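Okay, here's what each chain looks like letter by letter:
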Amino acid sequence: MRRKFIAGNWKMNLGYRESEKLAKEIKSKLEDKYFTKTDVLICPSFISLGIVNKAIKDTEIKLGAQDLYFENDGAFTGEVSSDMIKSVGCEYVIIGHSERRKYQHESNKLINLKINKAIRSGLKPILCIGESLEEREDEIYESVIIEMLRDGLHEISTEDMSKIVIAYEPVWAIGTGLNATPKQASEIHGFIRKYISDKYDPEIAKEQIVLYGGSVNGKNAKDILSAKDVDGALIGGASLKPDEFCDIVRIAYSI
Ligand code: PGA
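In this text the structure is predicted, and so the values were computed from the model without any measurement.

A. Local environment of the overall build of the protein. Helix and strand counts for the protein come out as twelve helices and eight strands. In summary, the protein has a C-alpha radius of gyration of 17 Å against a globular reference of 18 Å for 255 residues, a match within 12%. With respect to the principal axes defined by its C-alpha atoms, the protein has extents near 45 × 45 × 35 Å. Counting over 255 residues, the protein shows a buried share of 53%. Across the protein, contacts joining residues at least 24 apart in sequence account for 72% of those joining residues at least 6 apart. Counting every atom, the protein has about 11900 Å² of accessible surface; 51% of that belongs to carbon and sulfur. For the protein, the distance from the average site of its 36 positive side-chain charges to the average site of its 40 negative ones is 5 Å.

The structure is reproduced here in structure tokens:
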């Protein structure tokens, strides 16, 4: 039985103390009962992982990083390894976010190295995939998604699939205020599940967590989270607002 999963991607926002404050606010607003049905994850910037880890100690809130590098250690200035993020309490790591694909030119090949590194290190990767507006308008979004899944998950075994979360984030919906309709989200989520069923295993596909991301907020969360095959949300802007983020957790719990 799939649980609901609400993840906050804080992106390049908030300093050290501000991150601590937001984590403490989220902690104080979430009653224990929500965690019986819903996983809650927050992903601050690298520099705030340690302090946020302390702030959420003794709670069920999970911690994730927004990226990692695929090498163990060495002369890779500016990069952060899987062991480093694990040492500050991370269980999850976002990989292949469309902003990294766009601004850091991350390819499916690089993303695949990172996914494999996360798995080998005992981290749970959240693989982000999604088409651009142009690709949607040209109606080639299914092939774009298949390519991102096929190349991003290269050399991932059936057993490893159960440790991976997939986030469908149509690029045209991220930070734009536009969002896919529940029907559009359902359609792609079903498509992703079918791909996993065909390529890996129908039982794994049934348990696969597939999140939707792109302008999810307190107003549209109920419709999106109720859509078939949508297991939760990866939330950017609204995850920085503690009341709204916790409202979305409550909505997920109540569905
Ligand atoms: P948004 O970001 O909710 O601000 O659109 C989502 C994401 O990029 O993960």
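B. Examining the pairing of strand β2 (residues 38–43) more closely. Among the six residues in β2, six count as buried, and that is most of the element. The alternating pattern of β2 places Thr38, Val40 and Ile42 and Asp39, Leu41 and Cys43 on opposite faces, both of which are buried. Note that strand β1 (residues 4–9) and β2 share six bridges and pair parallel. The residue bridging Ile6 from the neighbouring strand is Val40, located in β2.

C. Spotlight on the pairing of strand β8 (residues 232–235). The two faces of β8 match: Gly232 and Leu234 on one face and Ala233 and Ile235 on the other face are all buried. Where β1 and β8 come together, four bridges link them in parallel fashion. Across the sheet, Phe5 pairs through a bridge with Gly232, a residue of β8. When strand β7 (residues 210–213) meets β8, the two strands line up parallel, connected through three bridges. Bridge pairing in β8 links Tyr212 to Ala233.

D. Quick look at the site of the ligand. As a matter of local geometry, the ligand sits amid 13 residues, with Lys11, His97, Glu169, Gly175 and Ser215 nearest to it. Contact between the ligand and His97: an oxygen atom at 2.6 Å from a side-chain N or O atom of the residue. Gly175 is positioned with one of its backbone polar atoms (N or O) 2.7 Å from an oxygen atom of the ligand.

E. Seen up close, the side chain of Asn9. With respect to the helices, strands and loops of the structure, Asn9 is situated in strand β1. Here the side chain of Asn9 touches Lys11 through a polar contact of 3.1 Å, landing on its backbone nitrogen. Residues contacting Asn9, with those up to four places away along its chain left out, are Cys43, Gln66, Ile94, His97, Leu234, Ile235, Gly236 and Ser239.

F. Examining the sheet that holds strand β5 (residues 124–129) more closely. The sheet built from eight strands closes into a barrel, its strands ordered β1-β2-β3-β4-β5-β6-β7-β8 with parallel pairing. Strand-to-strand, the axes of this sheet are offset by a mean angle of 25°, without reference to chain direction. Note that strand β6 (residues 165–168) and β7 share three bridges and pair parallel. Counted as the bridge partner of Ile166 is Val210 from β7. Where helix α9 (residues 182–199) meets the sheet, its contacts fall on β5, β6 and β7, and the angle it forms with β7 comes to roughly 150°.

G. Examining the side chain of Asp229 more closely. With respect to the helices and strands, the residue Asp229 is situated in the loop between α11 (221–226) and β8. Judged by its relative accessible area of 14%, Asp229 falls in the buried class. One polar contact links Asp229 to Arg193, side chain to side chain, over a distance of 2.6 Å. Excluding residues that lie within four positions of it along the chain, Asp229 makes contacts with Arg2, Ser186, His189, Gly190, Arg193 and Val210.

H. Quick peek at the state of the cysteines. Counted according to the given criterion, the structure contains zero disulfides. Cys43 takes part in no disulfide bond, and the closest cysteine sulfur, belonging to Cys90, lies 7.6 Å away. Cys128 forms no disulfide, and the closest cysteine sulfur to it belongs to Cys43, at a distance of 9.3 Å.

Criteria and cut-off values
- Residues numbered from 1 in each chain as written.
- Predicted model: local features only at pLDDT ≥ 70, side-chain atom pairs only at ≥ 80, totals over all residues.
- Heavy atoms only, no water.
- Helix = DSSP H or I, 4+ residues; strand = E, 2+ residues; numbered from the N terminus.
- Rg over C-alpha atoms; globule rule 2.2 N^0.38 Å.
- Buried < 20%, exposed > 50% of the residue type's maximum accessible area, 1.4 Å probe, protein only.
- Contact = heavy atoms within 4.5 Å.
- Areas by Shrake-Rupley, 256 points an atom, 1.4 Å probe, with all protein chains shown as cover.
- Lys, Arg positive; Asp, Glu negative; His and termini not counted.
- Charge placed at Lys NZ, Arg CZ, Asp CG, Glu CD.
- Pairing = 2+ DSSP bridges.
- Near = heavy atom within 4 Å.
- Polar contact = N/O pair within 3.5 Å; in protein donor to acceptor, adjacent residues only side chain to side chain.
- Axes fitted to C-alpha atoms, helices over the stretch in contact; angles between N-to-C directions.
- Disulfide = S-S within 2.5 Å.

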